[in-house]
Structures are given as structure tokens and as C-alpha cells.
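# Overview (structure and organization)
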Amino acid sequence: MTSRSIGEWAFRAACLLVLVFLMLPTLIIAPMSLSPDNYLHFPPPGLSLRWYRAFLFAPDWIDATLFSLQVAALTMVASVLIGTAGSVALVRGRLPGRQAIEALLLAPLIIPPIIVAIAVYLQFAPLGLTGTITGFVLIHTALAVPYVVLVVSAALQRLPPSLELAGLNLGASRLTCFRRIVLPLIAPAVLAGAVFAFLASFDETVVSFFISGTEHKTVTRKMFEDIEFNLSPVIAAASTLFVVATIALMVVANASRMASKPQKN
Amino acid sequence: MNRGIATRNSGLSVHIDGVSRRYGRVTAVADVSLQVAAGEFLSLLGPSGSGKTTLLMMLAGFEQPDEGRLLVGDRDLTHVAPNKRGIAMVFQRYALFPHMTVAENIAFPLRTRGIGRAERDEKIRNALAMVKLDEYAARKPAELSGGQQQRVALARAIVFDPPVILMDEPLGALDKKLRQHMQVELKQLQRRLGATVIYVTHDQEEALTMSDRVAVMNHGRLVQLGFPRELYDRPADPFVADFIGDMNLLPGTITAASGSACTIQLDGGLAFGIAPHPLVAGAAARVAIRPEHVVLSPARAGAPGLQGRLTQTVFNGGTTVILVELPGGTMLHASVGTRSEQAALQPGAPVVASWAPDQAIVFSGFAPPA
Ligand SMILES: Nc1ncnc2c1ncn2[C@@H]1O[C@H](COP(=O)(O)OP(=O)(O)O)[C@@H](O)[C@H]1O
Ligand SMILES: [Mg+2]
């Protein structure tokens, strides 16, 4: 019994260490953002909100943030529509080559971002899509759809097909069945997928780095530039704000996914 | 005032005409033809995998037959979309919409038909009263017991006055007591509604007690269609004989056959006369005899019948089953009243088994492996 509990404690300690290792860089950013100094220091020599003010009142930071939010919102809408429709087709349809389509849909999760970025840049540049909101939304949607497909098709798989058959049998069209039976039951998963898609876009760095223009750049690209030229604590301030917002969104997404799980066994 | 369910139009006939359905190499339904009369309660009975569900799915429009036609009344439904067929289906696992209340579930088919609020509410009330769930309109399905969920599924199926109701093992998930209770209620409800019901079950007792007629299926084929009594007394083949009720099936060979008398020799060596039969001498055959038709008596010299040895008695409540070993090892089951003299026979006792000749049915050949 004691040996087992020692093993258990060792295991827990190991887990905790890994967790700390993963979290530390993120956690260290927060105190660093409060530095009154011109450079990134840890620990900070004092406390001030100077860099938060610098971030929130600088037009170039505001523009980049608003642009990223806009791209993320449009990406979210597009990938939820495509991802949900795709999930229905994959889970419920009788598609020939279903597995190939599924693999293709999920490919962006596996392909290294830098490969995608270079390919997209080479395609977008001659078309004049680099530095445009259309270009960003197009490629971010392609990258975000897999997240929506993963969550939504899992929810669809849990839904007994007999519910839709019952709906049809009772006189509803396929569309009505989807709207009145399927959608309400998978809504939490769709919401979770929406949050993932939003974050996937907002957080996307590599492709954004390549296709940003001088006028339209994402906040991730802006941060890169800033690191290269200034390395001021404004980056830490921006990061801290985004981390807090992301955590809040993830809590929503998770609560939503939990609600979609069947309550009884 | 009391319109709706009480004064509904009655059921429509169903005509299944040469219907087949194959899945790759498996023939799920093989050339089934069947006429169901308006207002009839017909069961599709067969072991698991015999094609009952597939046939029902084709009637509901969820599966398309490879061959044949399906008609309800005069209307050919073969190529009609499932949501345009107007016939109801009760699913094995009820398929209630979990996010809707009982009332909303029952309202669903009324809404899709564009029935107005006032009429809808009245129909829901009537349907709930029919299944004795008046108090439960505002509950969610998850807050109901299995039996209550079953009733809601039933109410949802009857609320739009369908002329035909399909049911796929609707009582399969209930425990035995509740199932028997629901069998009676379901049957009463069907009589009151006058709807045609096609009822799928693998439980022969259920089929016999509830149905006007029973269609027995095996390997996708319709093997016999008849009244319950007919299936029990005159099974068309050894499969039906064995599947419906208990049956002794004794393998043997016809040894003598003439116009007026036949003799069969069981594999164990026993020979006895049977009613005239078209089989020729030398043909393989099986004798089918119901356990309740077997008469047992203590062995006496010269007593007519099959000599055997009692091996076991099994108490079943009102009846007792007696197992008799015939020479050659064939086991014969006899069912006798628990209070009868025969039930008091002890294991090991030599006995004589006999039956009235017209109660033995003779089948040619051997049953194909199940
Ligand atoms: N969608 C399907 N795909 C492949 N085979 C099927 C399908 N549905 C049924 N079958 C096969 O058809 C046969 C009949 O099945 P089913 O109609 O479900 O029988 P039952 O309801 O009598 O148990 C079985 O052998 C089954 O495996
Ligand atoms: Mg079945």
C-alpha cells in the first residue's frame, strides 16, 4: 500500500513538473509586462501599467489587433458553416471515398505550417491576395475547419441516427430535421468548434507572417516585428491580455463541450 | 367537439409485392410478397437477421427495395420520400427527441403538417390520454421510465392519425411483466384506432398473442403466413414448427408408403405408423410432435407406443416437462399437468410414449443448418 502511494505521489510530482515546465514561459510574461523599464526584465525592477497604456493607445497595435479580430471572426463563421456541413456529410452521408475526404480535411493539422505558408504565399502573391482580409480568411478557414470537424463529428457520432429517421417519418424534411433535431442537440459542440476556430485564426503566426502586407497585418505578425526591432515590454503586455482572453474563451468552449456529453453513463 | 382520434378514419391495406433488398452479397429480404388487410394487426416474426427490420425500413422509406413494389391503399409508395409517406413508425429505442418535452415530441408531427395551435393542443391531450400519460406533458424524456418513454413514442406515432403504424420490436427493451402489460394495452389501442399495424418481433409468444396474422421470416424469406392457431397447428416446415412453440422433431426414414398408411422408422430404430403422406419409401423425414400431445404411461408389456426411459422432470409452474430418452439416444419432451399422475413418475422409470396419429406432422428431408 505504501509503495503504491509513493509511486502515485512520484507520478503526480512528475505531472506537476511537466505542467510547470509548459506553463512557466506564459506565467513569467505576466510579471514582465508590469515592468516600468524599457527592456524585458525578470524579475521586473518595479511595477507600472506603462506598457499596457502603450499597447492600448498605440494606433499600429490597435489596428493590428482589430484586423486579427476581424479575420478571426470571419474565419470562425466560415469554418463553422463548412465544418458542420462537412461533418454531417462525413458522419451521415454515404460518400464514396469518405476516408480520403476526411484525411484531406484534417491534413492541415499534420502538415508543417511553414510548408503551408510558403505554398499559400506562392499562390496568393500573383492573385493579389496577400495582405487582404479575403486572403487571410481563406487560408485561416482552411486551417480552422479541421478543429470544427473534429468536435462536431464526434457529437454527431454520439447522436443516434434513429432520431433523424423519426423526424423524417413524422413528416419533417431533411432540412427541418437538421434544424429542429440535430442542430439543437449538437449546438454545444458547434459552439466549442467556433471557439477553437476563432483561436486557431487569432493565434496563427507562420502563414500570417508570410502573407501580411504593410497595411493589413495581424497582431501576431506585429509582435514578430516588434521583437525584431524593439523587444520592449509592450509585447509582454499584449501577450498577457491575449492569454487571459484565450483562457476565458477556452473555459466557455470546455463548459460547452461538457454540456454536450450525455449526462447518464 | 371531441374530434380527432376518437373519430379517426380507419386503417389502409398494405401490399408488399415481390420485394427484395440485397446488401452486397447478403440478401436481407428475398422476394417477399404479402397483403395486409386494412385494420389488421400483422406480425413479422423471425430470428435475428431474418430481414424483419429491413422490410420495415423499406415500408418507412429509409431503404429502397432492389426489386418489387410497396403499396398502401391504392398508392404506390415505392419511390415516395419517407417524410411524404404518412405512415408512422415506432422505433425499438423509442427515438424520442431528448431536447423536447413530451408535449413537444407529440406536437412534432402536427407541426410538420401545419396543424394550428388549438387543434394541436387538443390532439396532444387526446393522445396523452390514450396512453395514460396526461400528467407528464411537461417532462423531458430523460425524466421518464422506459415504459413511459414507450408510451410517449406511441402517442407521437398515433397523434396524426396514420392509417398504418410500423413497430420494430417496440417492447424489446422492457422487462417481462411490463412487456406483457403493454402487449395488452397496445392491442386494445390498435382496436380502438382501427389502424393497420405491422409489428416486428422475434418473440413468438408476443406474435401469437397480439396478432391477427403472423408472417414468419427466415433468411430474408417469408416462410409462412397464417393465423396464430394455423402456424401452431399446421407449421409449413420444420423451421416454423421449431420456432413457434415447443416441438419434438424426430429424424427418421419412411420405410413403407401406400395410399392409406405409412410407416416411419426413427433413427434410433423405432418404427411406427403415421397418417398417409405423399413421401415415398426410403425418403428422409422428420416427425414433429408437440410436447403437450405426447401421452406418457408407465411401461407395460404390449402397450402401444415408443418405449423409453424417463431421465428428468422439469417443473414449470402449471405444467411439468418430462424428458424421455428413446432407444438410440433421441430425446423426447412431454408436457404434462403438474398435478397429473405422469408428473409423479420418477427418473429412471421405463415409460411408453404415444400420441394420436393426426397430431404428428411429417416433414420431408432435413432442416438446413440454421
Ligand atoms: N445496412 C446494412 N448493411 C449491410 N447489411 C445489412 C444492413 N442492414 C441489414 N443487413 C443485413 O441484412 C440481414 C437482415 O437484417 P435485419 O433486417 O436487421 O434483420 P432482423 O431485423 O430480422 O434482425 C442481416 O444479415 C444483416 O446483417
Ligand atoms: Mg431487427
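Residues numbered from 1 in each chain as written. Chains lettered and ligands numbered in written order. Predicted model: local features only at pLDDT ≥ 70, side-chain atom pairs only at ≥ 80, totals over all residues. Heavy atoms only, no water.

With that out of the way, let us pick up the nonpolar core. B:Ile16, B:Leu44, B:Leu55, B:Ile106, B:Leu166 and B:Ile198 are the most contacted members of the largest nonpolar core, which totals 113 residues. Broken down by element, the residue count for this core peaks at 14 residues, all from helix α8 (residues 174-203) of chain A. With residues up to four places along the chain from it excluded, the contact list for B:Leu44 reads B:Leu34, B:Lys52, B:Leu55, B:Leu56, B:Ile198, B:Tyr199, B:Val200, B:Thr201, B:Ala215 and B:Met217. (Core = buried A, V, L, I, M, F, W, Y, C linked by side-chain atoms within 4.5 Å. Buried < 20%, exposed > 50% of the residue type's maximum accessible area, 1.4 Å probe, protein only. Helix = DSSP H or I, 4+ residues; strand = E, 2+ residues; numbered from the N terminus. Contact = heavy atoms within 4.5 Å.)

Right, let's get into the environment of A:Ala30. You can see A:Ala30 is positioned in helix α1 (residues 2-33). Placed 141 residues apart in sequence, A:Ala30 and A:Gly171 show a C-alpha to C-alpha distance of 58 Å.

With that out of the way, let us pick up the confidence of the model for chain B. Residues with a pLDDT of 70 or more make up 94% of chain B, whose mean pLDDT is 89. Residue range residues 1-7 of chain B is modelled with pLDDT below 50. Its contacts to residues more than four positions away, or to other chains, number 15 contacts. (pLDDT = per-residue confidence, 0-100.)

Here we take up the sheet that holds strand β12 (residues 262-266) of chain B. Residues and elements named next belong to chain B. The sheet built from five strands is open, its strands ordered β13-β12-β11-β14-β20 with antiparallel pairing. On the outer flanks of this sheet lie β13 (271-274) and β20 (361-364), each paired with one strand and no other. Ignoring strand direction, the axes of neighbouring strands in this sheet form an average angle of 40 degrees. With five bridges joining them, strand β11 (residues 248-257) and β12 adopt antiparallel strand pairing. Bridging across to β12, Thr253 finds its partner in Gln265. (Pairing = 2+ DSSP bridges. Axes fitted to C-alpha atoms, helices over the stretch in contact; angles between N-to-C directions.)

Right, let's talk about the interface of chain A and chain B for a bit. Tallying the contact residues gives 17 residues for chain A and 23 residues for chain B. Across the chain A/chain B interface, buried area totals approximately 1800 Å², and carbon plus sulfur atoms make up 65% of it. When the buried area of chain A at its contact with chain B is split by residue, A:Asn169, A:Leu170 and A:Arg180 rank highest and sum to 41% of it. Linking chain A with chain B are one salt bridge. One salt bridge in this structure joins A:Arg94 and B:Glu63, with 3.9 Å as the shortest N-O distance. Put simply, chain A and chain B have six residue pairs in polar contact (both at pLDDT 80 or more) between them. When residues of the side of chain A that touches chain B are assigned to their parent elements, the largest contribution, seven residues, is made by helix α7 (residues 161-169) of chain A. Along the lines of polarity and charge, the residues of the side of chain A that touches chain B split into nine nonpolar, five polar and three charged. (Buried area = accessible area lost by both parts, 1.4 Å probe. Salt bridge = Lys/Arg side-chain N within 4 Å of Asp/Glu carboxyl O. Polar contact = N/O pair within 3.5 Å; in protein donor to acceptor, adjacent residues only side chain to side chain. Nonpolar A, V, L, I, M, F, W, Y, C, P; charged D, E, K, R; others polar.)

A word on the side chain of A:Thr218. All names here are of chain A. Looking at the element boundaries, Thr218 is found in the loop between α9 (206-211) and α10 (219-229). According to the relative accessible area criterion, Thr218 is buried, its value standing at 2%. There is a polar contact of 2.8 Å between the side chain of Thr218 and the side chain of Thr220. Aside from chain neighbours lying at most four places away, what touches Thr218 is Ala64, Phe67, Ser68, Phe136, Ser208 and Ser212.

Moving on to the pattern of salt bridges. A full pass over the atoms with the stated rule returns 21 salt bridges over all chains. With a closest N to O distance of 3.5 Å, A:Arg12 and A:Glu8 form a salt bridge. With A:Arg12 and A:Glu8 both in helix α1, this residue pair falls four residues apart, about one helical turn. Each member of the salt-bridge network shares a partner with another, and the members are A:Arg94, B:Arg21, B:Glu63 and B:Asp66.

A word on the site of ligand 1. All names here are of chain B. The full set of residues close to ligand 1 is Tyr23, Val26, Ala28, Pro47, Ser48, Gly49, Ser50, Gly51, Lys52, Thr53 and Thr54. Expressed as a share of its isolated accessible area of 560 Å², the protein-covered part of ligand 1 is 59%. Mapped onto the shell around ligand 1, the elements with two or more residues apiece are β2 (26-36) and α1 (52-60). When residues of the shell around ligand 1 are assigned to their parent elements, the largest contribution, three residues, is made by α1. For the shell around ligand 1, a count of residues per class yields four nonpolar, six polar and one charged. (Near = heavy atom within 4 Å. Areas by Shrake-Rupley, 256 points an atom, 1.4 Å probe, with all protein chains shown as cover.)

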